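What follows is the residue order along each chain.
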Amino acid sequence: MTLLFEEKWDRTIAPRDRQMFQTIYEQNPLEKGRLKFVPVRAAFNHQGCVLASVCILNGTEDWLLQDRLLYYKEKDDVVAKERFTHDLIIPSMTAVPWTFIYHPNSFIQPPSLHNWDISL
């Protein structure tokens, strides 16, 4: 089991945030056969996009983000959906911090940023 930071993250992440992700990783063990998105924080940016930061726990085979439709949910209700095309590969039995950006045109209803999660 490994916590891995994508190259840009590794160069730019603040020490406090690095430690926060390390703690989240330690508190959420990988489960063999399961891909899980652990919510960390959500915020709006200046363009009204939702920035949803998660720790992706990959207990399955290597997982590719390329061309994945992911749902931003609040209290199990789909609030936004977006297709992501980044070439991120998460190796098997690895955790990777990531931020998904949901643009306003992907919103099905207005986000509140409370009780949220990301799902396939």
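Residues numbered from 1 in each chain as written. Predicted model: local features only at pLDDT ≥ 70, side-chain atom pairs only at ≥ 80, totals over all residues. Heavy atoms only, no water.

Engineer: Explain empty space enclosed by the protein here, please?
Structural biologist: Remark: the empty space left among the atoms is shown by a probe the size of a water molecule rolled over them. Counted under the stated rule, the structure contains one cavity of 30 Å³ or more. The residue inventory of the lining of the largest cavity, partitioned by class, reads three nonpolar, no polar and three charged. (1 Å grid on protein atoms, 1.4 Å probe; cavity = no way out; pocket = protein on both sides within 12 Å on 5 of 7 lines; lining within 4 Å. Points joined across faces, edges and corners; volume = space filled by probe spheres on them. Nonpolar A, V, L, I, M, F, W, Y, C, P; charged D, E, K, R; others polar.)

Engineer: I keep staring at the sheet that holds strand 6 (residues 77-84) and nothing clicks. Help me out?
Structural biologist: Two modes of strand pairing occur in sheets, parallel and antiparallel, and in both the strands are linked by backbone hydrogen bonds. The antiparallel open sheet is built from three strands, whose spatial order is 6-5-9. Because the sheet does not close on itself, it has two edges, and the strands there are strand 6 and strand 9 (116-119). Mean inter-strand twist for the sheet, computed between neighbouring axes without regard to direction, equals 20 degrees. (Pairing = 2+ DSSP bridges. Helix = DSSP H or I, 4+ residues; strand = E, 2+ residues; numbered from the N terminus. Axes fitted to C-alpha atoms, helices over the stretch in contact; angles between N-to-C directions.)

Engineer: What exactly am I supposed to notice about the nonpolar core here?
Structural biologist: Here is a general trend for soluble globular proteins: nonpolar side chains tend to be buried in one another's company. Grouped together as the largest cluster of nonpolar side chains are 34 residues, with contacts concentrated most on F37, Y72, F100, Y102 and I118. Counting residues per element, the ones that place at least two in this core are helix 2 (15-27), strand 2 (35-44), strand 3 (50-58), strand 5 (68-74), strand 6, strand 8 (94-102) and strand 9. No other element matches strand 3, which puts six residues into this core. (Core = buried A, V, L, I, M, F, W, Y, C linked by side-chain atoms within 4.5 Å. Buried < 20%, exposed > 50% of the residue type's maximum accessible area, 1.4 Å probe, protein only.)

Engineer: Help me understand the side chain of E74 in this model?
Structural biologist: Along the chain, E74 falls in strand 5. One buried charge, E74, has no salt-bridge partner; the nearest side chain with opposite charge is K75, at 8.1 Å. If sequence neighbours within four positions are ignored, E74 has contacts with V79, P110, P111, S112, L113, H114, N115 and W116. (Lys, Arg positive; Asp, Glu negative; His and termini not counted. Salt bridge = Lys/Arg side-chain N within 4 Å of Asp/Glu carboxyl O. Contact = heavy atoms within 4.5 Å.)

Engineer: Would you mind going over the packing of aromatic side chains with me for this structure?
Structural biologist: Where two aromatic rings form a pair, the distance of their centres and the angle of their planes describe that pair. Under the defined criterion, the tally for this structure stands at eight aromatic pairs. Residues F37 and W63 carry aromatic rings whose centres are separated by 6.0 Å and whose planes lie at 75 degrees to one another, so their mutual orientation is edge-to-face. Linking F37 in strand 2 with W63 in strand 4 (residues 63-64), this pair joins segments that are 26 residues apart in sequence. Consider the rings of F37 and F100, whose centres lie 6.0 Å apart with planes at 70 degrees: the pair is edge-to-face. Here F37, found in strand 2, pairs with F100, found in strand 8; they are 63 residues apart in sequence, far enough to count as distant. (Phe/Tyr/Trp six-rings, centres within 6.5 Å; stacked < 30°, edge-to-face > 60°.)

Engineer: Can you help me understand the pattern of salt bridges in this one?
Structural biologist: In total, this model carries six salt bridges according to the counting rule given. In this structure, the salt-bridge partner of R11 is E7, at a minimum N-O distance of 3.0 Å. Taken together, the residues span about one helical turn, with R11 and E7 both in helix 1 (residues 7-12) at a distance of four residues. E7 carries the same exposure label as R11, and that label is exposed. D17 is the salt-bridge partner of R41, the closest N and O atoms lying 3.3 Å from each other. Separated by 24 residues along the polypeptide, R41 in strand 2 and D17 in helix 2 bring together distant segments of the chain. The exposure class assigned to R41 is partly exposed, which follows from its relative accessible area of 40%. A cluster of three or more residues bridged by salt bridges with shared partners is formed by R16, D17 and R41.

These figures capture arrangement, not role.
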